[in-house]
There are 2 protein chains.
Amino acid sequence: MDALKIEDLAEQVSKSLRDMILTGELVPGQKLVQTALSERLGVSRTPLLAAFSKLEKELLVELVPRRGAFVKQLSARELVQLYEIRLRLEPLGAAEAARVAGRKGMVDLDAALSAQAKALTGDDPVAIRLADYNFHMAIMKLSGNAILERILSSFSIISKSNQSGLMKSGNKSLEEHTAIRAAIIAHDDQGAEQLMAAHLQESRNVAVARLRQEEA
Amino acid sequence: MDALKIEDLAEQVSKSLRDMILTGELVPGQKLVQTALSERLGVSRTPLLAAFSKLEKELLVELVPRRGAFVKQLSARELVQLYEIRLRLEPLGAAEAARVAGRKGMVDLDAALSAQAKALTGDDPVAIRLADYNFHMAIMKLSGNAILERILSSFSIISKSNQSGLMKSGNKSLEEHTAIRAAIIAHDDQGAEQLMAAHLQESRNVAVARLRQEEA
DNA sequence: GGTTTACTTTTTGTATACAATATTTTGTGT
DNA sequence: ACACAAAATATTGTATACAAAAAGTAAACC
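Cut-off values and rules
Residues numbered from 1 in each chain as written. Chains lettered and ligands numbered in written order. Predicted model: local features only at pLDDT ≥ 70, side-chain atom pairs only at ≥ 80, totals over all residues. Contact = placed C-beta atoms within 7 Å. Helix = DSSP H or I, 4+ residues; strand = E, 2+ residues; numbered from the N terminus. Nonpolar A, V, L, I, M, F, W, Y, C, P; charged D, E, K, R; others polar. Near = placed C-beta within 6 Å. Pairing = 2+ DSSP bridges. Core = buried A, V, L, I, M, F, W, Y, C linked by C-beta atoms within 7 Å. Buried ≥ 20, exposed ≤ 12 C-beta atoms within 10 Å, placed from the backbone. Least-squares fit on C-alpha atoms with pLDDT ≥ 70 in both. Axes fitted to C-alpha atoms, helices over the stretch in contact; angles between N-to-C directions. Parallel < 35°, antiparallel > 145°, perpendicular 65-115°, else oblique. Left-handed = near helix turned anticlockwise from the far one by under 90°.

Residue-level contacts link 27 residues of chain B with 27 residues of chain A. Elements with a contribution of two residues or more to the side of chain B that touches chain A: α3 (45–57), α4 (76–100) and α7 (146–154) of chain B. Broken down by element, the residue count for the side of chain B that touches chain A peaks at 8 residues, all from α4 of chain B. Residue classes in the side of chain B that touches chain A are distributed as 13 nonpolar, 5 polar and 9 charged.

This next bit is on the protein's contact with DNA strand D. Taken together, 19 residues surround DNA strand D, and among them Gln34 and Gly68 of chain A together with Leu9, Ser44 and Thr46 of chain B come closest. Elements with a contribution of two residues or more to the surface near DNA strand D: α2 (34–41) and α3 (45–57) of chain A together with α1 (9–22) and α3 of chain B. Across the surface near DNA strand D, the residue classes tally to 7 nonpolar, 6 polar and 6 charged.

What holds strands together in a sheet is hydrogen bonding between their backbones, with the strands either parallel or antiparallel. Residues and elements named next belong to chain B. Read from one edge to the other, the open sheet built from 3 strands follows the order β1-β3-β2, with strand pairing classed as antiparallel. The outermost strands of the open sheet, each flanked by one partner alone, are β1 (31–32) and β2 (61–64). For β1 and strand β3 (residues 68–71), the ladder comprises 2 bridges, and the chain directions are antiparallel. Bridge pairing links Lys31 to Phe70 in β3.

A few words on the nonpolar core. With 67 residues, the main nonpolar core has Ala94 and Ala192 of chain A together with Ala94 and Ala192 of chain B as its most contacted residues. When neighbours within four sequence positions are excluded, Ala94 of chain A is seen to be in contact with Ile139, Ile180, Ile184, Ala192, Glu193 and Met196 of chain A. Among the nonpolar cores identified, the runner-up in size contains 39 residues, and Leu49, Ala51 and Leu55 of chain A together with Val71 of chain B belong to it.

So, about the relation of the copies chain B and chain A. For these two chains of identical sequence, chain B goes onto chain A by a turn of 180° and a shift of 0.0 Å along the axis, with RMSD 0.0 Å. Taken together, the turn and the small shift mark the pair as related by a two-fold rotation axis. Residue Ala50 of chain B of chain B places its C-alpha closer to the rotation axis than any other residue of that unit, at 2.4 Å. Here 100% of the interface residues in chain B have copies in chain A that are interface residues too; the copies meet face to matching face.

Okay, the packing of α4 of chain B against helix α9 (residues 170–185) of chain B next. All names here are of chain B. Remark: α4 packs on α9, axes separated minimally by 7 Å, with the N-to-C direction vectors making an angle of 45°. The angle between α4 and α9 places the two elements in the oblique class. Two secondary-structure elements touch here, α4 through Ala94, Ala97 and Ala98 and α9 through Ile180, Ala183 and Ile184. Of the residues contributing to the contact of α4 with α9, the split by class is 6 nonpolar, no polar and no charged.

Moving on: the pairing of strand β2 (residues 61–64) of chain A. Residue and element names in this part refer to chain A. Along β2, the buried face is formed by Val61 and Leu63; none of Glu62 and Val64, which line the opposite face, is buried. Bridge analysis of β2 against strand β3 (residues 68–71) gives 4 bridges, and the strand direction is antiparallel. If you follow Leu63 over to β3, its bridge partner there is Ala69. The hairpin formed by β2 and β3 contains 3 residues between the paired strands, and Arg66 there has a positive phi angle of roughly 70°.

Before going further, it helps to examine the packing of helix α1 (residues 9–22) of chain A against α3 of chain A. Residue and element names in this part refer to chain A. Two elements in contact, α1 and α3, have axes whose closest approach is 8 Å; the angle formed by their N-to-C orientations is 60°. Judged on the interaxial angle alone, α3 and α1 are oblique. Taken as a pair, α1 and α3 cross one another with a handedness that is right-handed. Mapping the contact onto sequence places Leu9, Ala10, Val13, Ser14, Leu17 and Arg18 in α1 and Pro47, Leu48, Ala50, Ala51, Lys54 and Leu55 in α3.

Structure follows, in structure tokens:
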């Protein structure tokens, strides 16, 4: 069985840190002191260092030589750039998902969607963000493009961009997600692509507006 | 001065390994034995491990727990997926480059172009591939979208995809590059975007054909 | 002869130790 | 009291050491 693959500590640590960053337990700009973290996670500094290297590539951590590791703070400009990229890649994923969608994958997608609906009944912003992230990633997974999935997940692009308060109202998001799901089920690749693009475009515009404001 | 930043060993090692892989010195599938490599590069295994972690994120290395590190072999399917992604991201970069192109950036672009012309007079495939890579990356850099530049370079997407013999004839490539450059200079963002898309589309088609053939 | 099993060697994964560099604190002079 | 310098402390980067797992090898068995 391939699914039950053993994870090395570096990967586990990497996951823990990613969670801590995405849930806001570790805040942007914060220094990641090796000794403190290794003690907290119960591992030595060696796997921690490997994890830092991974997370640096994911734009979650910034590695400054001889100064240490810091939780990366995305600038308004970078946020816009991130959205430009999402705007190109996620519609591609949605279209591919619509082409190949079968019974199997839909289960995960539907699960993600109902989880989002449930999260919206509560008021935990972290849970809401996570639900949104899971829905988007479920589509990318469905697309069958492993590299696409990896770029988007690996860079934590989705979570990170939402973290900055750019996420639209939960109910509107849910509506749009529902529409995207419908297009995918109907194998309407162009529809899925366009709906996804529209879904992201608004957030991008907010990001751009914020950048303008900051520049002024 | 920020430009003269000190690089830690992990980053240097990472660079060396990347070069070795992209030049073909280390071939896909080959196992990367830690002791041998650390001795060869004159460093201990610690920075080597960090470098492996980085390169894994770049799709250049595959890390199998308890088995070691291997030079990643891209499947025909992954190659197509890579092209789908390039096809979305590089036209974006070309369009943005055309919008912001100024005198400063053009120098680098022109340098990359003449370097390519020069490389084509020789018959070193590695040099030709590198020149192609440099031209594409010069545009991404010109675009000002640092994240885009980072995704494309970091994943070594361009080199890797060309490595598989999908690169079109050198002269045709040079012609198309020249046209793209012209569009960028003219601030013709739509033109640049379309030319870049067309430039990549052909290679993608070859990749798709190869996948079909392999499947049959 | 080929296959399994036990043993040896290699290689990985992790922890720890140590030197070099930053940071903080303390002290001194103005 | 403030600014600056010097020592003390903390933290990083790297090497090395050691245990656990995998790979390789040789011997015994069918």
